[in-house]
Amino acid sequence: MLLGFRCCPIILWLALATVLGSVLGLGEDLDRPLFGPPGSPIRLHESDPGLKNALKFAEERYNRGSNAMHLRRVSRLISATKQLVKGIRYTITVELSNTQCKKSTMMRTCDFYPESENLKTEVCVFEVWDIPWQGTSTLLKQKCQPKVQPEVKETNKVEDPSTSQPLEESVELLGQFKAFMVKYNKVYSSQEETDHRLRIFHENLKTAEKLQALDQGSAEYGVTKFSDLTEEEFRSTYLNPHLSQWTLQQSMKPASPARSPAPASWDWRDHGAVSPVKNQGMCGSCWAFSVTGNIEGQWFLKNGTLLSLSEQELVDCDRLDEACRGGLPSNAYEAIEKLGGLETETDYSYTGHKQSCDFTAKKVAAYINSSMELSKDEKEITAWLAENGPVSAALNAFAMQFYRKGVSHPLKIFCNPWMIDHAVLMVAYGERNGIPYWAIKNSWGEDYGEQGYYYLYRGSAACGINKMCSSAVVN
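These numbers come from a predicted model, not from an experiment.

Undergrad: Help me understand the side chain of His 70 in this model?
TA: Checked against the element boundaries, His 70 lands in strand β2 (residues 70–84). A residue is classified by how much of its surface remains accessible, and His 70, at 14% relative accessible area, is buried.

This is how it looks when you write it as structure tokens:
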């Protein structure tokens, strides 16, 4: 047989190409290269089976998170690519339109409205991460906006694009950018890089203005230390896409309900159970900060001593998670139990990057016995927090990139509750001028938000804050 293959290399190559084509779903789209650099995007034809599944999954997640009365379906595929990245990552741009089926009905076919004004078409970009051998799919990104019908205007005037923007606006923008660079000590490698960051800064100002105009709370959005980062840069550096992968979470026992009703407000910062705000740096280790913050509170309530515990120990020694590339609180609790506990920040200090595990059992300062998952009912979470201590939680952090102060209450389109990507610590709740809030300890330093805290509207499951609440158990 081996001799036969040596004699017929073309047949072997064609057979191999056929198998690879079948596995990778290349189909018969011959206008794109069969092979490219590893991990490079591959354009897809709409007949690709994997793409069809990814579209169906994105549609289902969109409709689940939408407040609309009618189901919406893909009415046009604009473009689609996939990358092989520990699975298959699909990037899909489509038009979504209203069907005549209400969400409450169970109809097999859902036709689009014949009248264009009832279609209410949106252009959406979805990113779906599919791991076929695990049978899991995750919606990494969903960004939609109404489709704008171009207006055709007849004119003989030729406009110079360099003068289309008012001079005053350009001067103001440059002034804002310069002030931003000075305040946050930003230094760029070249004029080209500076110009690039200025363009991103300008686009981010527009996004912050949209958030501001549509916010339902009292938040102020604007320039932050993240204003020169694209959404993708911000997400890949500071956030944690693993949090939206429900199937990867370790199962935890349910927490017992609180014994007493929740008081009108409660703040564990006033009772000594919360350490100072920390900074995860350019590392997606928010999961570690969320868990250590919870354990700091639990240890204080059981032993009367507030310790600053080591996140770096988890970054280095937790084999279930991926250090700066993300992790899950449920995994972190399990890793701490297996290690035997946590060292203090002083004994095992934070570096912001993964290094070899340097855990010393003799230096353990706090331990846990188990972990538990809280109810998804915000009223029950409120009562549990007041009675038992700060809570590890997670949420969609899109609006957090531009948050400055106040109670944030973004529209669901900006803050899809199914796309959780950041772990935090809920330490307090109350009201400000009649607006109910959660006080959330973040891990981006004291120069973020309100002295390092983010205040989020309480009572509407905003940004998915109720979906992944948990706590360690210290006996």
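Undergrad: It is not clear to me how the pattern of salt bridges should be interpreted in this structure. Could you clarify?
TA: A side chain with one charge may pair with a side chain of the opposite charge, provided their charged atoms come close. Counting across every chain of the model gives 25 salt bridges. Residues Arg 64 and Glu 60 are paired through a salt bridge, measuring 2.7 Å at the closest nitrogen-oxygen approach. Here Glu 60 and Arg 64 lie together in helix α3 (residues 49–65), a separation of 4 residues that amounts to about one turn. For Arg 64, a relative accessible area of 38% corresponds to the partly exposed category. Between Lys 186 and Asp 228 there is a salt bridge, with its nearest N and O atoms 3.4 Å apart. Taken together, the positions of Lys 186 in the loop between α5 (167–183) and α6 (191–214) and Asp 228 in the loop between β6 (220–221) and α7 (231–238) put the pair 42 residues apart, joining distant regions of the chain. The network of salt bridges with common partners includes Arg 89, Glu 127, Glu 232 and Arg 235.

Undergrad: Got a minute to help me understand the sheet that holds strand β5 (residues 136–146) in this structure?
TA: Across a sheet, strands are paired by hydrogen bonds formed along the backbone, either parallel or antiparallel in direction. Pairing is antiparallel in the open sheet, where 5 strands are placed in the order β1-β2-β3-β4-β5. Two strands lie at the open edges of the sheet, namely β1 (42–43) and β5, each paired on one side alone. Along the sheet face, α3 touches β2, β3 (88–102), β4 (122–131) and β5 and points at about 135° away from the line of β2. Most of the contacts of α7 go to β5, to which it runs at about 150°, and overall it touches β3, β4 and β5.

Undergrad: Can you help me understand helix α11 (residues 378–388) in this one?
TA: Helical geometry note: an α-helix holds 3.6 residues per turn, so side chains three or four residues apart project in the same direction. Considered for burial, the residues of α11 that qualify are Glu 378, Ile 381, Thr 382, Ala 383, Trp 384, Leu 385 and Ala 386. The opening residue of α11, the one whose side-chain oxygen lies 2.8 Å from the backbone nitrogen of Lys 379, is Asp 377. The first or second residue beyond α11 is Gly 389, which carries a positive phi of 120°.

Undergrad: For this particular structure, what's the right way to read the packing of aromatic side chains?
TA: To describe a pair of aromatic rings, you give the distance between the ring centres and the angle between the ring planes. For the structure on display, the rule yields 22 aromatic pairs. With a centroid separation of 6.0 Å and 25° between ring planes, the pair formed by Phe 177 and Phe 180 is classed as stacked. Of this pair, Phe 177 and Phe 180 are both found in helix α5, 3 residues apart, which corresponds to roughly one turn of the helix. Of the two residues, Phe 177 and Phe 180, neither departs from the other in class, the shared state being buried. One aromatic cluster in this structure is built from Phe 226, Phe 234, Tyr 238, Tyr 403, Trp 444, Tyr 448 and Tyr 454. Sitting above the plane of the Tyr 437 ring, Arg 432 keeps its charged end 5.8 Å from the centroid. The lysine or arginine in question, Arg 458, covers the ring of Trp 438, its NZ or CZ lying 5.9 Å from the ring centre.

Undergrad: Would you mind going over the state of the cysteines with me for this structure?
TA: Here a disulfide denotes one covalent bond, and it connects the sulfur atoms of two cysteines. Going through the model one piece at a time under the given rule, you end up with 5 disulfides. Between the sulfur atoms of Cys 124 and its disulfide partner Cys 144 the distance amounts to 2.1 Å. With the S-S bond torsion at 115°, the cross-link from Cys 124 to Cys 144 turns out right-handed. Taken together, the positions of Cys 124 in strand β4 and Cys 144 in strand β5 put the pair 20 residues apart, joining distant regions of the chain. The class for Cys 144 is buried, based on a relative accessible area of 13%. In this model, Cys 415 is linked to Cys 463 through a disulfide, with the two sulfur atoms separated by 1.8 Å. One disulfide, between Cys 415 and Cys 463, carries an S-S torsion of 120° and so falls in the right-handed class. Of this pair, Cys 415 sits in the loop between β12 (407–408) and β13 (422–432) while Cys 463 sits in the loop between β15 (453–457) and β16 (470–473), and the two are 48 residues apart along the sequence. According to the relative accessible area criterion, Cys 463 is buried, its value standing at 3%. The connectivity of the disulfide-linked cysteines in the chain, indexed sequentially, is 1-2, 3-4, 5-7, 6-8, 9-10. For Cys 286, which is in no disulfide, the shortest distance to another cysteine sulfur is to Cys 283 and amounts to 9.0 Å. Residue classification places Cys 286 among the buried residues on the basis of a relative accessible area of 0%.

Conventions and cut-offs
Residues numbered from 1 in each chain as written. Predicted model: local features only at pLDDT ≥ 70, side-chain atom pairs only at ≥ 80, totals over all residues. Heavy atoms only, no water. Helix = DSSP H or I, 4+ residues; strand = E, 2+ residues; numbered from the N terminus. Buried < 20%, exposed > 50% of the residue type's maximum accessible area, 1.4 Å probe, protein only. Salt bridge = Lys/Arg side-chain N within 4 Å of Asp/Glu carboxyl O. Pairing = 2+ DSSP bridges. Contact = heavy atoms within 4.5 Å. Axes fitted to C-alpha atoms, helices over the stretch in contact; angles between N-to-C directions. Polar contact = N/O pair within 3.5 Å; in protein donor to acceptor, adjacent residues only side chain to side chain. Phe/Tyr/Trp six-rings, centres within 6.5 Å; stacked < 30°, edge-to-face > 60°. Lys NZ or Arg CZ within 6 Å of the ring centre and 35° of its normal. Disulfide = S-S within 2.5 Å.

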